[in-house]
Amino acid sequence: MAKSIALSYILWLFGGFFGLHHFYLRRDRQAFVWWCTCGGIFGLGWFRDLWRIPDYVRYANGYGDKYQVVESRRQKNLKPVFNVVRFGGQLALGMYLGFLTMCAIPTEVYEEGSHAEKAVCYGIVTLATTMGVYIVSNIGEESIDFGDILTYATLPAIFMFTKAPNNAPTWISVGAAVACMYRGKYKPQTQPKKGLCRRLTSLTFAGMIIFALWGSFLYHNASVTTKDGETIKLRDSIDNFFKSPAWLQFKKTLGDLYEYGQTHGWDKVWLQFKKTLGDLYEYGQTHGWDKVWLQFKKTLGDLYEYG
């Protein structure tokens, strides 16, 4: 089915920050990049799509100037023309995934871990950085083998991790992007089309990895400042919360509620819940909702003091 420019612009307007228009045009990798970098590097890619969409649609439908140029170069077995925007995207996504992966690993591993543990972590960071460059390199009509990128990225990875590991993802991205300049190629003219279910599964899995990296970073390395000015790790704060009397009391209340429901039936629990809401509504109507809000704030304050 031919793609529509009008529909592409509608999707761009209402879901462009999440790459919805690229997903419609079967540019799934670009949709993922747009989603995980807030609209293509904080909206820059989304804004650029304002005048790029017609070219994307024409190429997806198999005609247009770009389509003719690509077909001509493909038939002559020529390499893709260097594109500074694609090169910048390779560097940006490579560094993003590299630094995010580096931050997701507990700092204790870098500071106190054995040489073997550090080597494993550096290898994971190298793979993540290289994968970022690989994703951008395979957007649209261009392609490159992951092994070629990894080969070019290995040397700067080894050098940087021994000299300046904190800046390693930057130079790994540069090495991988240079590989794309020399080893890049065009995709075959005819490729098997993936079904909708497979495409959604792939994007969902990739999204789960991004969420996992951010979650690991927040849990292991993020910190919070207490009212006394003390800085503590977020993971310690979470652990203390789950050991606090307030949380233990809440768990006990839920357990008692579950036992009551199992013994007397969940319909009675629901009736009691409705009765409580009804009493609250009557109290609010009689005494005013501002008093209800004050009582709610007092309860939260008591719970905070208790914890």
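Residues numbered from 1 in each chain as written. Predicted model: local features only at pLDDT ≥ 70, side-chain atom pairs only at ≥ 80, totals over all residues. Heavy atoms only, no water.

Q: Where do I start with the overall build of the chain in this structure?
A: Of regular secondary structure, the chain possesses 16 helices and four strands. Taken over the C-alpha trace, the chain has a radius of gyration of 27 Å; the compact-globule value for 307 residues is 19 Å, which it surpasses by more than 25%. Taken over the C-alpha atoms alone, the chain extends approximately 80 × 55 × 35 Å along its principal axes. Relative to its 307 residues, the chain shows a buried fraction of 36%. The long-range share in the chain, meaning contacts at least 24 apart out of those at least 6 apart in sequence, stands at 62%. Within the structure as shown, the chain displays about 19500 Å² of accessible surface, and the carbon and sulfur contribution to it stands at 65%. (Helix = DSSP H or I, 4+ residues; strand = E, 2+ residues; numbered from the N terminus. Rg over C-alpha atoms; globule rule 2.2 N^0.38 Å. Buried < 20%, exposed > 50% of the residue type's maximum accessible area, 1.4 Å probe, protein only. Contact = heavy atoms within 4.5 Å. Areas by Shrake-Rupley, 256 points an atom, 1.4 Å probe, with all protein chains shown as cover.)

Q: I keep staring at the packing of aromatic side chains and nothing clicks. Help me out?
A: What characterises a pair of aromatic rings is the spacing of the ring centres plus the angle enclosed by the ring planes. The full count for this structure, using the stated rule, is 13 aromatic pairs. A centroid spacing of 5.6 Å and a plane angle of 85° characterise the contact between F47 and W51, whose relative ring orientation is edge-to-face. Highlighted residues: F47 and W51, both in helix α5 (residues 44–60), separated by four residues, approximately one helical turn. In this structure an aromatic cluster arises from ring pairing among Y9, W12, F17 and W46. It is K3 that lies over the ring of Y24; its NZ or CZ is 4.8 Å from the centre. Against the face of Y59 rests K66, its NZ or CZ located 6.0 Å from the ring centre. (Phe/Tyr/Trp six-rings, centres within 6.5 Å; stacked < 30°, edge-to-face > 60°. Lys NZ or Arg CZ within 6 Å of the ring centre and 35° of its normal.)

Q: Explain unusual backbone geometry to me, please; I cannot follow it from the model alone.
A: When glycine is set aside, most residues are seen to have a negative phi, and most peptide bonds are trans. The backbone of F42 sits at a positive phi, close to 55°, despite the residue not being glycine. Looking at where F42 falls in the secondary structure, it is placed in helix α4 (residues 38–42). A relative accessible area of 71% means that F42 is categorised as exposed. One non-glycine residue, N77, adopts positive backbone phi at about 60°. Its location among the elements puts N77 in the loop between α6 (65–75) and α7 (84–104). N77 sits in the exposed class, given a relative accessible area of 71%.

Q: Before we go on, may I ask you to explain helix α10 (residues 146–163) in this structure?
A: Within an α-helix, residues lying three or four positions from one another point in the same direction, as the helix has 3.6 residues per turn. Between its terminal C-alpha atoms α10 stretches 26 Å, which fits the 26 Å expected from 18 residues at 1.5 Å a residue. Remark: the principal bend of α10, roughly 35°, maps to A153, with a proline, P156, within the next four residues. Every buried residue of α10 is listed here: D148, I149, A153, P156, A157, M160 and F161. Packing partners of the buried residues in α10 comprise α7, α9 (115–137) and α11 (168–183). (Expected span 1.5 Å × (residues − 1). Bend = angle between axes of the 7 residues up to and from the residue.)

Q: In this structure, what is going on with the packing of α7 against helix α12 (residues 196–220)? I would like to understand it.
A: Helix packing for two helices is described by the angle between their axes and how far apart those axes are. Put simply, α7 and α12 touch, their axes get as near as 7 Å, and they point 40° apart. Put simply, α7 runs oblique to α12. Two packed elements cross with a definite hand, and for α7 against α12 that hand is left-handed. Contact residues: Y96, L97, L100, T101, C103 and A104 in α7; I210, L213, W214, S216, F217 and H220 in α12. Partitioned by chemical class, the residues of the contact of α7 with α12 number nine nonpolar, three polar and no charged. (Axes fitted to C-alpha atoms, helices over the stretch in contact; angles between N-to-C directions. Parallel < 35°, antiparallel > 145°, perpendicular 65-115°, else oblique. Left-handed = near helix turned anticlockwise from the far one by under 90°. Nonpolar A, V, L, I, M, F, W, Y, C, P; charged D, E, K, R; others polar.)

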